[in-house]
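The lines below spell out each chain.
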Amino acid sequence: MSEVSVLIIGCGVAGPVLANFLKRRGYNPIVFEKVSKLGDAGASLMLMPNGLKVLNKVGVAEKVEKGSQPLEAFQDLTSDGGLLGSSDLPQSFRSKYGEPAMGVKRTELNLMLKTMLTELDVDVREGWELEDIEEGEDSVTAHFKGHGSVTGSFLIGCDGIKAASRRILLRKRGLSEGLPDFTGLTQTAGLSPTPQALKTRHSMRNWFGEGVHMIAYPVSPDVTSWALTLPEGEGNEADWGLCSAQEIAARREKLLDKISSWKDKSPAELVQKPSRIIKFGIFDRTEMSPNQWYSRRCVLVGDAV
Ligand SMILES: Cc1cc2nc3c(=O)[nH]c(=O)nc-3n(C[C@H](O)[C@H](O)[C@H](O)COP(=O)(O)OP(=O)(O)OC[C@H]3O[C@@H](n4cnc5c(N)ncnc54)[C@H](O)[C@@H]3O)c2cc1C
């Protein structure tokens, strides 16, 4: 085993991809993830060619492509069925950029990335939440809630938009940062069987209604991922998260209230039959200047920065 241990905080997207690159270069990455069991996460991601290109380098793109299908078009629509604009550009992505654009279920991507790490024999520690970082001349020590400390040569903060690594690095520079700003918008997302009317073309569709936006795209031959964005006065995390089977019906009715009068009936059809509904807030962060992205033995990557 290499002497150079790299402590990677977060096993979302950036963390496992970096761990793969480092392991293959002879480093010893250790991935720490605060969630106690990786897998069940969010709804979906639309992976653009640049994202799939990176996943190709870590051997995961092929698996994504097997389960999904390339995007053929973008369509922007009004709630009364009018077409605001459309483009066939995604059809040229593979020839232009080497990869298509493709929707993927987030849970499946997370599990593919975790399996990739297991196959590479990377040490992944679930249920390890970073609390503090101490940097020395030649090493860095990370402290974890309920697990004590681990020392390595470098630390890479890949712990997302609410990153502890970012907060700690800024604190060491005498800067304090609170939670990310709630934008006043929430998104409720679901996965549903694809309505017949949407099967004609694998499109990413956006509907713009009065005070409501909806997006939908395929994540497999028969399943469409959708999300409704709505204004909501206060951020109330207690009401967010994954709906239980009992809550789905009530949440679905509230959403249908906003879109059932739309001329285009596909959005309502999607909302009527979700296998899963999850609600989250949309947050924003103040931009960091490049000299704040790193310290002597640490660097931030992905949403953390
Ligand atoms: C609603 C929504 C929709 C999106 N849709 C798209 C899309 O369609 N296409 C697209 O390309 N991007 C999309 N994004 C953005 C994309 O999800 C992020 O850019 C991407 O996930 C960032 O990857 P990351 O690895 O930096 O962070 P994350 O994926 O957020 O991973 C961070 C990981 O760190 C863990 N963690 C957090 N704190 C700690 C801690 N203290 N200690 C240890 N572990 C910790 C978290 O549990 C998580 O697993 C979307 C984002 C949101 C919120």
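Residues numbered from 1 in each chain as written. Predicted model: local features only at pLDDT ≥ 70, side-chain atom pairs only at ≥ 80, totals over all residues. Heavy atoms only, no water.

## Remarks on the packing of aromatic side chains
For the coordinates displayed, the defined rule picks out six aromatic pairs. Among the aromatic residues, ring-to-ring pairing joins Phe32, Trp128 and Phe144 into one connected group. In this structure, Arg125 is placed above the aromatic ring of Trp128, and the distance from its NZ or CZ to the ring centre is 5.0 Å. Across the ring face of Phe283, the terminal group of Lys162 is positioned such that the distance to the ring centre comes to 4.6 Å. (Phe/Tyr/Trp six-rings, centres within 6.5 Å; stacked < 30°, edge-to-face > 60°. Lys NZ or Arg CZ within 6 Å of the ring centre and 35° of its normal.)

## Re the domain arrangement of the protein chain
Taken domain by domain, the protein chain consists of domain 1 (5-69 + 104-178 + 288-304) and domain 2 (182-284). Centre-to-centre, using C-alpha coordinates, domain 1 lies 29 Å away from domain 2. Between domain 1 and domain 2, the contact holds 15 residues from the first and 16 residues from the second. Summed over both sides, the interface between domain 1 and domain 2 buries roughly 1,300 Å², with carbon and sulfur atoms accounting for 57% of that surface. Viewed at the interface, domain 2 and domain 1 are joined by zero salt bridges. For the pair domain 1 and domain 2, the number of links is four residue pairs in polar contact (both at pLDDT 80 or more). Among the elements of the structure, strand S3 (44-47) and strand S6 (102-105) are those that each provide at least two residues to the side of domain 1 that touches domain 2. A per-element tally of the side of domain 1 that touches domain 2 places S3 first, with three residues. Grouping the constituent residues of the side of domain 1 that touches domain 2 by class yields six nonpolar, six polar and three charged. (Domains from an automatic or database assignment. Contact = heavy atoms within 4.5 Å. Buried area = accessible area lost by both parts, 1.4 Å probe. Salt bridge = Lys/Arg side-chain N within 4 Å of Asp/Glu carboxyl O. Polar contact = N/O pair within 3.5 Å; in protein donor to acceptor, adjacent residues only side chain to side chain. Helix = DSSP H or I, 4+ residues; strand = E, 2+ residues; numbered from the N terminus. Nonpolar A, V, L, I, M, F, W, Y, C, P; charged D, E, K, R; others polar.)

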